[in-house]
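Overview (structure and organization)
Okay, here's what each chain looks like letter by letter:
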Amino acid sequence: RKEKMSIFIEKYKDRVLALPKDESWMMIDLRNYQGFWYSHGVWNNLNANFSVEAIMALQDDFQAQPTDVFLASHAKSGTTWLKALAFAIMNRTKFKLGNCSSLVHPLRNISPHDCVPFIETESFLNNPSYANGLMATHISYTSLPESIISSGCPIVYICRNPKDVFVSSWHFMNKLKDNSSDPMELENVFDLFIKGNAPNGPLWDHVVGYRKASLERPDKVLFLKYEEIQKDANNEVKKLAEFIGYPFTKEEEAAGEIEEVIKLCSFEKLREASKANKDGDETSNAISDEIYFRKGKVGDSVNYLTTEMIQILDKITKKKYDGLDISF
Ligand code: A3P
């Protein structure tokens, strides 16, 4: 893996080394770049190698097209779900929904993360053309490559209740960790999370950046909530399709196409697909995409957090989201 370290890491090495460092979130060495914490170098065994070097490379060179669509989120907010929904919507002519098609839909075979790449990764920078106009990112709004804003392409942000984001992140990082050390205790990472020392953190500032952008440029930035999609998927999927320029026609609606998208992208279906397509290569470092599907519920965090933790998280959320009309 080390041999694959890219020219980007080499190119931005000195700038990265000069960035502020703090106590790390679990095993990840984070650096603060433009107010947010990001991993650097090749740090994990996920297929996507997120890095601050990649953000710098994108800021220097990335050219978005007006027809591109960007999906943005803080990690563990419902990114995988949003990727699947947007991909199914945008490709519904090519890949028919439901069982009427002779073609197997890609989402039954490959992970949403393989259908929609994250841009701040080594793999994207090495092969940007495979994105096909639909890309995702965990970069903060203020650090997005300038051309994404200036080209006026649609940006869809997904936000989730911070308590569920925290608990989901904790589970995820423990699964990512190799087995050589003990699992991280929730209490031990709580203080780091509320300080913002988590990948793409502080969570609240990440959300506020995109929320403000959605209020200032509502035609360019759509702000979705994980909880709303759970509550009224039909309405949210319709809204998403319209916003990214692929509205459902009356005929499609009547034919139940929206429901087909929802079904195809349901937690159960995507999890099933991820299990079926587990990487069978024993020598590979890649982690199965099954890791992205845990419970997929709203409010599961109450089963893990103490009353005190809930109070602290709620207090921060109330203060940070004040006046921004974000409630859960
Ligand atoms: P939980 O850990 O609470 O179950 P991300 O995709 O941003 O990494 O977020 C992962 C969270 O979204 C996990 O939450 C995961 O289970 C949930 N999730 C993934 N796919 C989903 C889907 N199709 N529907 C609802 N939730 C989903």
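Residues numbered from 1 in each chain as written. Predicted model: local features only at pLDDT ≥ 70, side-chain atom pairs only at ≥ 80, totals over all residues. Heavy atoms only, no water.

1. Some details on the state of the cysteines
A full pass over the atoms with the stated rule returns 0 disulfides. No disulfide involves C115; its sulfur sits 9.6 Å from that of C265, the nearest cysteine. (Disulfide = S-S within 2.5 Å.)

2. A few points about the site of the ligand
Taken together, the neighbourhood of the ligand is formed by 19 residues, with K76, T79, T80, S168 and R294 sitting nearest. The side chain of T80 places a nitrogen or oxygen atom 2.4 Å from an oxygen atom of the ligand. Computed on the free molecule, the ligand has an accessible area of 570 Å², of which 97% lies beneath the protein chains in the complex. Those elements giving two or more residues to the shell around the ligand turn out to be helix 4 (79-90), helix 11 (226-231) and helix 15 (267-276). If one sorts the elements of the shell around the ligand by residue count, helix 4 sits on top with 3 residues. Grouping the constituent residues of the shell around the ligand by class yields 7 nonpolar, 8 polar and 4 charged. (Near = heavy atom within 4 Å. Polar contact = N/O pair within 3.5 Å; in protein donor to acceptor, adjacent residues only side chain to side chain. Areas by Shrake-Rupley, 256 points an atom, 1.4 Å probe, with all protein chains shown as cover. Helix = DSSP H or I, 4+ residues; strand = E, 2+ residues; numbered from the N terminus. Nonpolar A, V, L, I, M, F, W, Y, C, P; charged D, E, K, R; others polar.)

3. Things to note about the nonpolar core
With 55 residues, the main nonpolar core has F70, I148, I155 and F166 as its most contacted residues. Look past the residues within four positions of I148 in its chain and what remains in contact with it is F62, A64, F70, I119, C153 and I155. By size, the runner-up hydrophobic cluster in this structure holds 48 residues, among which are F50, A86, C115 and I258. (Core = buried A, V, L, I, M, F, W, Y, C linked by side-chain atoms within 4.5 Å. Buried < 20%, exposed > 50% of the residue type's maximum accessible area, 1.4 Å probe, protein only. Contact = heavy atoms within 4.5 Å.)

4. Let's talk about the pattern of salt bridges
The tally for this structure, following the rule as stated, stands at 12 salt bridges. The salt bridge partner of D205 is K320, with a shortest N-O separation of 3.1 Å. Taken together, the residues span a long stretch of sequence, with D205 in helix 10 (residues 203-216) and K320 in helix 16 (residues 307-320) at a distance of 115 residues. The class for K320 is partly exposed, based on a relative accessible area of 39%. If you follow the salt bridges from partner to partner, you end up with R294, K295 and D300 in one network. (Salt bridge = Lys/Arg side-chain N within 4 Å of Asp/Glu carboxyl O.)

5. Some thoughts on helix 10
A rise of 1.5 Å per residue sets the reference length of helix 10, with its 14 residues, at 20 Å; its end C-alpha atoms lie 20 Å apart and thus fit the reference within 8%. Where helix 10 is concerned, the buried positions are L203, W204, H206, V207, V208, Y210, R211, A213 and S214. (Expected span 1.5 Å × (residues − 1).)

6. Some details on empty space enclosed by the protein
Following the criterion strictly, the structure yields 1 cavity of 30 Å³ or more and no others. For the largest cavity, the calculated volume is near 30 Å³. Taken together, R160, D164, V167, R294, K297, D300 and S301 make up the lining of the largest cavity. For the lining of the largest cavity, the class distribution of residues is 1 nonpolar, 1 polar and 5 charged. (1 Å grid on protein atoms, 1.4 Å probe; cavity = no way out; pocket = protein on both sides within 12 Å on 5 of 7 lines; lining within 4 Å. Points joined across faces, edges and corners; volume = space filled by probe spheres on them.)

7. Description of the confidence of the model for the protein
For the protein, the mean per-residue pLDDT works out to 89, and 90% of the residues sit at or above 70. Considering only residues more than four positions removed or in separate chains, one finds that residues 280-285, a stretch of pLDDT under 50, has 3 contacts. Two summary scores accompany this predicted model of the complex, namely pTM at 0.94 and ipTM at 1.00. (pLDDT = per-residue confidence, 0-100.)

8. With respect to the pairing of strand 3 (residues 69-73)
Within strand 3, 5 of the 5 residues are buried, which leaves the element mostly enclosed by the surrounding structure. Burial of the side chains of strand 3 extends over both faces: V69, L71 and S73 are buried on one face and F70 and A72 on the other. One ladder, built from 4 bridges, connects strand 3 with strand 4 (residues 134-137); its direction is parallel. Counterpart to A72 in the pairing with strand 4 is T137. With 4 bridges connecting them, strand 3 and strand 5 (residues 155-159) associate as parallel partners. Counterpart to A72 in the pairing with strand 5 is Y157. (Pairing = 2+ DSSP bridges.)

9. Structural notes on the side chain of S77
One can find S77 in the loop between strand 3 and helix 4. A distance of 2.8 Å separates a polar side-chain atom of S77 from the backbone oxygen of H74. With sequence-adjacent residues up to four places away left out, S77 is seen in contact with I158, C159, R160, V165 and Y226.

10. Some words on the side chain of R92
If you trace the backbone, R92 turns up in the loop between helix 4 and helix 5 (112-115). Taking the relative accessible area as the measure of exposure, R92 reaches 8% and is therefore buried. For R92, the side chain forms a polar contact with the main-chain oxygen of I89, separated by 3.0 Å. Side-chain polar atoms of R92 contact the backbone oxygen of Y246, separated by 3.1 Å. Leave out the neighbours within four places in its chain, and R92 touches L97, Y246, P247, F248, E252 and E257.

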